[in-house]
Amino acid sequence: MTTPAARAEELAALERVALACTACGLAEGRTQVVFGAGDADADLMIVGEAPGQREDEQGIPFVGPSGKLLETLLGEIGLDRSEVYIGNVVKCRPPRNRDPRPDEIDACGDYLRTQLRLVDPKVVLTLGNFSSKLLLKTTTGITRLRGTAYPWWGRFLVPTYHPAAALRGSARVLEEMRHDFSLLAKVISGEIVRETPPSTEADHNGVTPVPDTDGPDDNPPAQMDLFA
Ligand code: URA
Ligand code: SF4
């Protein structure tokens, strides 16, 4: 592929376009577009849901309470947020933090797809239902998806709960997130590797997920068409 510097420049050019985007109704209520932030050459790309109030004010993803917890969990596996790339499914804050709608997710999808292609991370971490279902192209919910690393477009995808769920939920949610982050650490370090490296597109469909010790899923979901 191209050099990291060239990909970083392409990403910056895409951000300049996105900052003026009015392709969906979320443009009306936003203070600013939250395109994404971090190392454009990162091994790990994290995908959240949508900017909240703090993110909308600052133009940076995960700078509110969810971001604090995310930073803590990353720190526990030896990662600083400056070492990863962080983005969201939609780049503009939905009014009163409502769920993003399918038409908005659709309208914003090409930004995310291009971010994933340009950062080209070894591992993708999806936080919560919206990013996990979108990238794994499934209607299965996060409770059933999590706990497993899925082979995904020649790399791995690890789905886990959204930090906001841990902040308002039980201690069990946080415990399961810690479990998923330790799985993530093993995938990043290469301790967990696929048996046969996929070399063709056909290999990406119907591949066996790499289960964690208590991984629940036998059937990997179909996947977002990253290179379609
Ligand atoms: N929640 C998200 O999903 N993304 C952010 O950037 C902040 C909170
Ligand atoms: Fe454009 Fe995405 Fe913002 Fe909608 S949410 S206006 S598609 S950047």
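Conventions adopted
- Residues numbered from 1 in each chain as written.
- Chains lettered and ligands numbered in written order.
- Predicted model: local features only at pLDDT ≥ 70, side-chain atom pairs only at ≥ 80, totals over all residues.
- Heavy atoms only, no water.
- Buried < 20%, exposed > 50% of the residue type's maximum accessible area, 1.4 Å probe, protein only.
- Helix = DSSP H or I, 4+ residues; strand = E, 2+ residues; numbered from the N terminus.
- Pairing = 2+ DSSP bridges.
- Salt bridge = Lys/Arg side-chain N within 4 Å of Asp/Glu carboxyl O.

We now examine the pairing of strand S6 (residues 155-160). Of all six residues in S6, six are buried; the element is thus mostly enclosed. Every second residue of S6 is oriented toward a common face, with Arg155, Leu157 and Pro159 on one face and Phe156, Val158 and Thr160 on the other, all of them buried. Taken together, the five bridges between strand S4 (residues 123-127) and S6 define a ladder with parallel strand orientation. When the bridges of S6 are listed, Val123 appears paired with Phe156. As defined by bridge partners, strand S5 (residues 148-152) adjoins S6 across three bridges and the pair is classed as antiparallel. Along S6, the bridge assignment pairs Tyr150 with Leu157. Between the end of S5 and the start of S6, which pair antiparallel, lie two residues, with Trp153 showing a positive phi angle near 45 degrees.

One pass over the structure, following the stated rule, counts 12 salt bridges. As a salt-bridge pair, Arg81 and Glu71 come within 3.2 Å of each other at their nearest N and O atoms. With Arg81 in the loop between helix H4 (65-76) and strand S3 (85-88) and Glu71 in helix H4, the pair connects residues that are 10 residues apart, well separated along the chain. With a closest N to O distance of 2.8 Å, Glu104 and Arg98 form a salt bridge. Residue classification places Glu104 among the buried residues on the basis of a relative accessible area of 3%. Beyond isolated ion pairs, a larger network of salt bridges with shared partners links Arg146, Arg172, Glu176 and Asp180.

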